[in-house]
Amino acid sequence: MTDRTLWSYAEIAAHIRVQVDTVRSYRKHGHLPAPDVVESGKPFWYADTIRAWSARRPGNRGRRDPD
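Residues numbered from 1 in each chain as written. Predicted model: local features only at pLDDT ≥ 70, side-chain atom pairs only at ≥ 80, totals over all residues. Heavy atoms only, no water.

The name given to the protein chain in an unreviewed UniProt entry is Helix-turn-helix transcriptional regulator, with the source organism recorded as Streptomyces fildesensis.

See below:
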């Protein structure tokens, strides 16, 4: 089943255990996938988009998803 829950910078930061500013920096430098939705100028990503990206990102070293 697909998780279409939208995540903001805050949810992404909590998921990968970094500060919100770090996630913003990832986007600025092209290390975050393109947003799935932009509402009123604010980017949002589907939870599944971020989970897939997180699993592939360098430094993940096989950490398991706590969710």
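Having seen the structure, we can now continue with the description.
**Q** Would you explain the packing of helix α1 (residues 9-16) against helix α2 (residues 20-28) in this entry?
**A** When two helices pack together, you describe them by how their axes are tilted relative to each other and by the distance separating the axes. At their nearest, the axes of α1 and α2 sit 8 Å apart, and the two run at 105° to each other. Compared by their axis directions, α1 and α2 come out roughly perpendicular. For the pair α1 and α2, contact is made by Y9, A10, I12, A13 and I16 and by V20, V23, R24, Y26 and R27, respectively. The class makeup of the residues in the contact of α1 with α2 is eight nonpolar, no polar and two charged. (Axes fitted to C-alpha atoms, helices over the stretch in contact; angles between N-to-C directions. Helix = DSSP H or I, 4+ residues; strand = E, 2+ residues; numbered from the N terminus. Parallel < 35°, antiparallel > 145°, perpendicular 65-115°, else oblique. Contact = heavy atoms within 4.5 Å. Nonpolar A, V, L, I, M, F, W, Y, C, P; charged D, E, K, R; others polar.)

**Q** What is the right way to look at the pattern of salt bridges in this model?
**A** Any two side chains of opposite charge can pair if their charged atoms end up close together. A complete count under the given rule lists two salt bridges for this structure. We note a salt bridge from D48 to R51, for which the minimum N-O separation is 3.6 Å. Pair noted here: D48 and R51 are both in helix α3 (residues 47-56), with a separation of three residues, about one helical turn. Residue classification places R51 among the partly exposed positions, given a relative accessible area of 23%. Among the ionic contacts, a cluster of salt bridges with common partners joins D3, D48 and R51. (Salt bridge = Lys/Arg side-chain N within 4 Å of Asp/Glu carboxyl O. Buried < 20%, exposed > 50% of the residue type's maximum accessible area, 1.4 Å probe, protein only.)

**Q** How should the pairing of strand β3 (residues 42-46) be read in this particular structure?
**A** On a regular strand, each side chain points to the face opposite its neighbour's, so the side chains alternate between the two faces of the sheet. Extensive coverage of β3 is indicated by the burial of four of its five residues. As defined by bridge partners, strand β1 (residues 6-7) adjoins β3 across two bridges and the pair is classed as antiparallel. In the sheet register, L6 faces β3, and the bridge partner there is Y46. Taken together, the three bridges between strand β2 (residues 37-39) and β3 define a ladder with antiparallel strand orientation. Across the sheet, the residue bridging to V37 is F44, located in β3. Where β2 folds back on β3, the antiparallel hairpin that results is connected by two residues, among which S40 adopts a positive phi of roughly 55°. (Pairing = 2+ DSSP bridges.)

**Q** I'm lost on the sheet that holds β3 in this one. Help?
**A** To summarise the sheet geometry, strands pair through backbone hydrogen bonds and adopt either a parallel or an antiparallel arrangement. The three strands are arranged β1-β3-β2 in an open sheet whose pairing can be described as antiparallel. Each edge of the sheet is formed by a strand with only one pairing partner; in this case those strands are β1 and β2.

**Q** Looking at this structure, I do not really get the nonpolar core. What am I missing?
**A** Counting residues in each nonpolar core, the largest one holds eleven residues, listed as W7, Y9, I12, A13, I16, V23, L32, W45, A47, I50 and W53. Of all the elements in the fold, those that place two or more residues in this core are α1 and α3. If one sorts the elements of this core by residue count, α1 sits on top with four residues. (Core = buried A, V, L, I, M, F, W, Y, C linked by side-chain atoms within 4.5 Å.)

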